[in-house]
Structures are given as C-alpha cells and as structure tokens.
Amino acid sequence: MTTLLRPGRASGPAGARVRDGRRTPVDRYTVDLVRVVLGAAVLGLGFLVARRGELPVAERDVFQLVNDLPPALFPVVWLVMQLGNVVAVPLVAVLALAARQVRLARDLIVSGLLAYVAADLVKSVVRRERPGGFAVDVHFPEGPVTGLGFVSGHAAVAAALATAVVPYVSRRTRRVVWALAWVVGLARIYVGAHLPLDVVCGAALGWAIGSLVHVAFGVPRLQVDPQRLARLLNRVGLPVRELRPAPVRALSSHPFVATTAEGRRLYVKYLGPNRTERDWLYRLYRLVAVRDVKDADAVAPLGRQAEHEAVAAMTARERGVRTPRVLLARGSDRGAVVVQEHLEGVPLDELPAERVTPALLAQVWHQVGLLRDARVAHHDLVTASIMVDDVGRPWVVDFANAQTGADDDALAGDVAELMASLALVAEPDVVVRSAVAGLGAAPVADALPALAPLCLTAATRTALRTRPERLGVLRAEVRASLGLPDLDRPEFPPTGWAAWLAVAAGSGLALVGLPLLGADGVPADFLEDGGWRWLGAAVALTVLARTARAAGALLTVDRRIALGRTAGAGMVADSATLLHGHDGWRRAAARFLERAGVLPAAATAGLSRFAAAGVVAAFLVAVPTLVLALVDDRLTGWRTPEALGPAVALGAGAWVLVLTGQWLALPSGPAPVRRDRAEVARALRELLRIHRPGGVRPWRRGAQLAWVTTGIFLEAAVLAAALHSVGGEVPVLATATVYGALHLLWSLVPVTAAPGAADVALLLALTALGAPLSSACACVLVFRLLTFWLPAAAGALLTARFEHRFGM
C-alpha cells in the first residue's frame, strides 16, 4: 500500500492553510518543545566538556577513524558538505518556493539563518580550537582549516534544515534528509575542520532551533489525496465514484465519506504513516509525562491497528451493540484503511441540550451495558464517540483504542469516562441516576475511583477545564445515590500572614546566612578551572535522583500514573513542607494519588510504604559506604567543625522561625489523631518480611526499594559533586556515608529536615570531614538549592497548575 499523504501548497490566513478552497489547520506539538530541551541539554553537556580545553581519548579516536578515510572520497564528500553551507539556505528555500511550498521556504530560511548565527555565537563564547590546535594527526584534503571549532556551523545549519523539512515529507524521505544531515557532519570531520563533539553539539543546536521554529509557526497537517485513496479502494474491491473529507475533526486519522456507484454511502478512515504519535520521541514523552490510556495502540503497525479496530467493532456488533458494520480493514506500514457503513447522525456532544433527555441517556447506558457484557473496553468512551441517528437512537463508534476481553478496571474506566463526559452536556444527578438505572449500583460504584482527573483521557480533562466544578459534583452525586460516605479529603486550611512571615524569615535566614558564614568565599577563578563541569554533573545527578525517587513512588500503589506527573507531584509536596511540615508533604502527596484514582486508604498505605522504603534505603546507603570508608581509611581526618557556635546559632534561628510558622499554620480546634508513625512502622515490617500472603508482591517491594535507594545514593553523589564544584576536597565515600546517616535521621525524625536544621547539619558534617568553611557553605547552598529550594519553588508554581488542570 502506497502512502497517500502530502502537504497542502497554497498559503492562507494565519493559523490555517488553504487547499482546494478548504483551510488546512496548522498544528503545534508539545514534542517539539521536548526536542528543544533535549537539543539544549546536549549542547550544554558538550559545552562543559569543551570548556576543559582537552581532547578526550574517545573523541580523538573517532576523529582519526573518520579523518583517515581514503582521499578518493573527497569530491563526493565535498559536494554533500555544501548542504551545511549558509549559502545553501536561500537555495533550498528557492527550491521550496518552486514547488509552491511557501511555508516550507519560510521555515528553511528562518531555521538555517538562526542556526548559522547561533553557531557563531557559541563559538565566540566557548573558543575551542579546531583539530589542528590539538595534539592529533590531521589530514586536510582541501588545505588547513583555522579558526574556532565548537560548534560546527555546517552541522548546525544542516540539522536545522533537516528539522524544518521533516513535517512536509514522508517517513521514508525523512530518513534520507537526516542521513544527508549527518553526512554533512561527518564530512566536516573528514576534511579536518571539526572534532566529533563539535559536530554532535552543532547538530543538537540546529535540531533545537528547527524545532523551536515549528513551535513558533506550527506545522501543516498533511493532507490525503482523495483521488489516490479512491484508486486504493478500487484495488481492494470497494470502487467508489465520489470521495470527500468527512466533516469531523480527527487528530490521528483522515476520515472521508465515500459514495459507491450504487449510491451507497461509506465512512472511510485512512491511517497515515506520518502520524505524530508514531514518532519515537513523542511516544517516549507521552510514556514519561502523560501515560494516557489512548497511547497504547499507536505504536502497533498500521495494518494491525486497522484490523484491531475492525475486530473490536465486529465483536461489539455481534454481541448486540449498535455500531456501523465494518466492510474492510486493510493496510501495511505505509498506510491503512478502515471502511464502515456511513451513519447519518450527530455526535452526542453536539446535540442540543433539549434533546439530551433521560430516555436518550437510558438508551446510551443500555449500549454501555452490552459493551460490558461483551468484555469490550472502548478506552475512549466520550460523548463524541456516541452518535445519535435521525430517529434518536445512540450508536457507539470509533473503536480505534478498544480492547476485547478487557478486565474489570478497564470496563470501570469506560463508565467513569462516559459519566464525566456526559456531565458536561447534562446535569450530574441525571447522569448518575441514568447510569445506576442502566447498569446497576455495582458498576457505578466500581467506577468511582476512576472519576479522578488523571484517570480520564486528555480530551475529557480539557473539556472539564471549562466547568471544573462538574467532576466534584458528579462524584458527590455518585456517593449520595449509592449511600457511600463522603471522603475525608486532605485539605489545607487557610493560612494567616504571620505564618507566612515566619516561614519566609526562617527560609531567608537559611539561604542568606550560609554565604555570610563563609565570608572568605570561593576563589573566583575556580569555576573557570573546572567547577562548571562538577556543577553540571550535580544538576544532571539531581534530575536522575528525582526520577529514581518518582519511579519508586510509582510502585507504592497499583495504579497507572505517569512518571513525569509523579515527579511534579513530588515537587508540589516539597513546597507544602515549608508551611505545613511533614504532614503537608503527606497531604499533598495523598491529594495527588487521589486525583489518580487511588482510594484514600490505599493512598495512605502507599505513602507509608514510600516512607518505610526511605528509611531502609538510607540505611543501605549509610552502612555499606561506612564500611568501605573505614576499610579504605577515609574517615580518619575528623576535626572540630569550623565556626561551630555561629553555625549552630544560624541553624537554630532559622529552624525555630520555620517551626513557628508551621505551628501558626495549624488549624484551630482539637488536633486530629495521628497514626503516621504506626503506619510507617507497619509498612517497614512488611517491607522487611520475605513473603506475606495477600501483601505487596516481593518483586514490587524489591523494585521500589531499589529505586528509592538509587535516588538517595544519587543525592549523595549530588552533594559530592557540589562540594567538588566549589573546591572542597572530601573523599566521596565519606561524603556518601555522612549523607546516608543524615538522610536516615531525616526519615526517622522528619522535623530535623526542616530548613535551618538540615542546612547546618550538612555544614557541620562537611567541615568536620575537613572541608574549608567557605567551600562547605557554598556546597550546602548549591546542594540545597538543587535538591530542595528550586524543586519547592517549582512545586509552588505547579500547585496552581495541578489545581487548574487536575483539581477536584
């Protein structure tokens, strides 16, 4: 099967493209921002290496391998290399204009020129020499090349042009374009103009700039040629005399309405190979940041996707569900089609409010009941997937994400999804009554945990933002209808200005007091001498530590939650600790888990398991590193900490101020009964027990403990890297031992982890190990900024976003 996609050609008004009198929308994808961040990250890491002024052995070997290729290749290599020349930018733009691709020409010009200018700017900042300036044997096929080397301007321009072209061409052409871009980079190594790091970082720079251009201007949605699609249908035995785009919006397919020679109308869905959700980076981003239930099938071959949709629809129809008959499902990796009988009707979400009657809702839930009896989970059962025909009968359509033989959780998810979607077109009490009448009380009760924002599809969450109160009202109606008790939700009481002032004063004292305590300061030239590399390593290790701890948190509950959102929730919980202490952390974390559909008791148990894992993990970091440090004689240089009195006074003052603010933030009235310690102790016993029937599976406990231990060990590495970045010379094993012991203390007695106490404890430990006072103060400031203050600040900003997008 040949691909039928091609971009529209004539330019139209802003935000649209025009083809054959129709406007083609322009899309902007979050994954382009991910590409910008990744490109900038690669460039930043390369910057840290290039600033050393040395040539790594691996880079030298790769350079020699490419630079020593036979001279006979030079004519061909030189020709391809010109694609990275800035002169090539207007030339390829002219070719795009000749092909009537105005938007492509604009993207090529902007991307190419920005990449050229940015590469020159980076060269002037880094000032790394070309290969001829290093102790390496260089062959110059076109003569010696002088000047600055990092980054390669040719590689940047070629990558920027390739990135600009990608949305306008097929997947096969994309591979060719990127192959040419990389050949340009290898050519620069071959002619002795650049080292491999120059090329890689230049390509990353161009990739980031091209992706940023797509974010700014958008990319056109590729169009399907109706004539070629008609010829394809004719070849597979469904000849049509007319084919026109269907008046529906579809993000991952191209719908058409076809008319056969006999006048029969068909609904044709074309699945193209260039769908954004098939991009590997997009899939990775969705897996980490979103984990939407609709992402699972997008990675399958197109032919299999078409057959899967057809089988699910035919299974549902065979079991009595009202859905259009499937006539054809065929495809390959280059494209696929699904053909069904055409249904004259209106989507339920577009139906006038007066037509959404209890009688119609009763019919809708009857169809859902038939789906449940057939064990078919629709996985996108929103009002847009319910069509109402001319006589008022509901039909279930769009089985692209459906699952046959589904489990109870998937079926309950369908009920929750439809109730949440229906609550936007009908009153929640009417929706709940009709659901209970049509399905019974048990299925509606089973759906209650999934009536949480992070359990719903992205489309439903987006629609709920216009009426955010509806989801809470819907849950309350379900509980009232079924006689279920209202949940004691972990809310934060209003906080007075005195509490804010005390916490702000304590935090400011901790942040400002450390630099003042180390009055001598860090030598100004130390960052120039290599501190930047250690600081960059500390940042990278912080990200890895956060990721590892989020992965450990995911394993504490049996619920599908995205890693990125869990990491964000961790930062929100960190921000809550400032004003509400450890109790604030537990409340914020529990609130997030409830949004993800975890019941309160399970959320409390999961948090206790996470806290217990933190205790054991800190012990596993502290004890082995202590033994290794003793064996290696790394803990023999203890001394009395410098500035002991002022440091203790500083820490105590900041600590008391913060604790005073947290005390003022406590709600008035009798204090609630606290069972946190007993629950953590119970979870600790369960974690240390080899096997317990009915408890958490051993592999899950082991994986959770491994991830949390990795996170704490990486945090210890952050402390060591931060210390080296400011000139401290304390053995790594000693640093890890001290951090593991302090983390164990913070886990057992959370109040000691408050600002002031934690900062000074680290400071006294480092100076006792022999670190100079100025370096220790700077190290603690950097470490706490990376591991607490910056995440807490980000969490404060994310709190409003979580409430807006996922609020309950």
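Our structure is the block above this text.
Before going into details, it helps to say that this report is about the structure given with it. (Residues numbered from 1 in each chain as written. Predicted model: local features only at pLDDT ≥ 70, side-chain atom pairs only at ≥ 80, totals over all residues. Heavy atoms only, no water.)

**Brief notes about a nonpolar patch on the surface**
Worth spelling out the cut-off: Each patch is built from residues that are more than 30% exposed by relative accessible area and take part in no salt bridge. Like charges join if they lie within 9 Å; nonpolar side chains (Val, Leu, Ile, Met, Phe, Trp, Tyr) join within 5 Å. The accessible surface values rely on the Shrake-Rupley method and a 1.4 Å probe; as for residues, cover is taken only from the protein chains in view. One speaks of a salt bridge when a side-chain nitrogen belonging to Lys or Arg is within 4 Å of a carboxyl oxygen belonging to Asp or Glu. Only DSSP runs of H or I reaching four residues or more are called helices, and only runs of E reaching two or more are called strands; each is numbered from the N terminus.
The grouping of Phe619, Leu620, Val623, Val627 and Val631 at the surface amounts to a nonpolar patch, some 440 Å² of accessible area in total. Residue position: Leu620 is located in helix α21 (residues 600-631).

**Brief notes about the pattern of salt bridges**
According to the stated counting rule, one finds 18 salt bridges in the structure shown. Here Asp107 makes a salt bridge to Arg106, at a shortest N to O gap of 3.2 Å. Residues Asp429 and Arg433 are paired through a salt bridge, measuring 3.4 Å at the closest nitrogen-oxygen approach. Highlighted residues: Asp429 and Arg433, both in helix α14 (residues 428-439), separated by 4 residues, approximately one helical turn. Several salt bridges share partner residues, and in doing so they unite Glu59, Arg128 and Asp198 into one network.

**Let's talk about the sheet that holds strand β7 (residues 242-245)**
Our working rule: For two strands to be treated as a pair, DSSP must find at least two bridges joining them. Every angle, taken between N-to-C directions, lies between 0 and 180 degrees, and every axis is a line fitted to C-alpha atoms, over only the stretch in contact when it is a helix. Any pair of residues with heavy atoms lying within 4.5 Å of one another is described as a contacting pair.
Taken together, the 5 strands give an open sheet; going across it, the order is β7-β8-β9-β11-β10, and neighbouring strands pair in antiparallel fashion. Of all strands in the sheet, those bounded by a partner on one side alone are β7 and β10 (326-332). Neighbouring strand axes in the sheet, compared pairwise and without regard to direction, differ in orientation by 20 degrees on average. Sheet topology note: the strand β8 (residues 254-259)/strand β9 (residues 265-271) ladder contains 6 bridges and is antiparallel. Across the sheet, residue Thr259 finds its bridge partner in β9, namely Arg265. In the packing of helix α9 (residues 226-235) onto the sheet, the strands contacted are β7, β8, β9, β10 and β11 (335-341), and the crossing angle to β7 comes to about 130 degrees. The strands touched by helix α11 (residues 302-318) within the sheet are β9, β10 and β11, with β10 carrying the most contacts at an inclination of about 160 degrees.

**With respect to the nonpolar core**
Heads up, the condition is: Residues grouped as a nonpolar core are buried Ala, Val, Leu, Ile, Met, Phe, Trp, Tyr and Cys residues, joined through side-chain atoms within 4.5 Å. Burial classes: relative accessible area under 20% of the type maximum marks a residue as buried, over 50% as exposed, and values in between as partly exposed (1.4 Å probe, protein chains only).
Residues Leu593, Tyr739, Leu762, Leu763 and Leu766 are the most contacted members of the largest nonpolar core, which totals 66 residues. At 10 residues, helix α24 (residues 698-725) tops the list of elements feeding residues into this core. Residues contacting Leu763, with those up to four places away along its chain left out, are Leu514, Leu517, Ala647, Leu773, Ala776, Cys777 and Val780. Ranked by size, the runner-up nonpolar core spans 46 residues in total, among them Val396, Ala402, Leu422 and Ala450.

**So, the packing of aromatic side chains**
The relative placement of two aromatic rings is captured by the distance of their centres and the angle of their planes. So the rule is basically this: Geometry of aromatic contacts follows a simple scheme: Phe, Tyr and Trp rings, the Trp one being its six-membered ring, pair when their centres are within 6.5 Å, and the pair is stacked under 30 degrees between planes, edge-to-face over 60, tilted otherwise. Here, a charge over a ring is recorded when the distance from Lys NZ or Arg CZ to the ring centre is within 6 Å and its angle to the ring normal is within 35 degrees.
Evaluated as defined, the whole model comprises 4 aromatic pairs. Ring geometry for Tyr739 against Phe783: centres 5.5 Å apart, planes inclined by 75 degrees, an arrangement best described as edge-to-face. One end of the pair, Tyr739, is in helix α25 (residues 732-748); the other, Phe783, is in helix α27 (residues 773-806), and 44 residues separate them in sequence. For the residue pair Tyr739 and Phe783, the accessibility class agrees, reading buried in each case. Arranged with centres 5.0 Å apart and planes meeting at 75 degrees, the rings of Phe788 and Trp789 form a pair that is edge-to-face. The pair Phe788 / Trp789 is uniform in exposure class, with both members buried. Through a chain of ring-to-ring contacts, the aromatic side chains of Tyr739, Trp746 and Phe783 assemble into a single cluster. Its guanidinium or amino end placed over the ring of Phe217, Arg106 lies 4.0 Å from that ring's centre, counting from NZ or CZ.

**As for the sheet that holds strand β14 (residues 386-389)**
Taken in spatial order, the 3 strands of this open sheet run β12-β14-β15, and their pairing is antiparallel. For this open sheet the edge positions go to β12 (345-347) and β15 (394-396), each flanked by a neighbour on one side alone. Each strand of the sheet is rotated relative to its neighbour by a mean of 35 degrees, with strand direction disregarded. Taken together, the 3 bridges between β14 and β15 define a ladder with antiparallel strand orientation. Note on β15: the bridge partner recorded for Val388 is Pro394.

**Quick notes on unusual backbone geometry**
Following Phe150, the chain continues into Val151 via a peptide bond in cis, with omega recorded as 10 degrees. Mapped onto the fold, Val151 is located in the loop between α5 (102-126) and α6 (153-165). Although it is not a glycine, Arg100 sits at a positive phi angle of roughly 65 degrees. Here Arg100 lies in the loop between α4 (88-98) and α5.

**So, helix α7 (residues 171-190)**
The condition is simple: To estimate the expected span of a helix, count its residues, drop one, and scale the result by 1.5 Å.
Between its first and last C-alpha, α7 extends 28 Å over 20 residues, near the 28 Å set by a 1.5 Å rise per residue. Within α7, burial applies to Arg174, Val177, Ala181, Val184, Gly185, Ala187, Arg188, Ile189 and Tyr190. Buried positions along α7 lie against α2 (57-67), α3 (74-81), α6 and α8 (196-217). Two residues or fewer after α7 comes Gly192, characterised by a positive phi angle close to 80 degrees.

Fair warning: the whole summary comes from geometry, so function is off the table for now.
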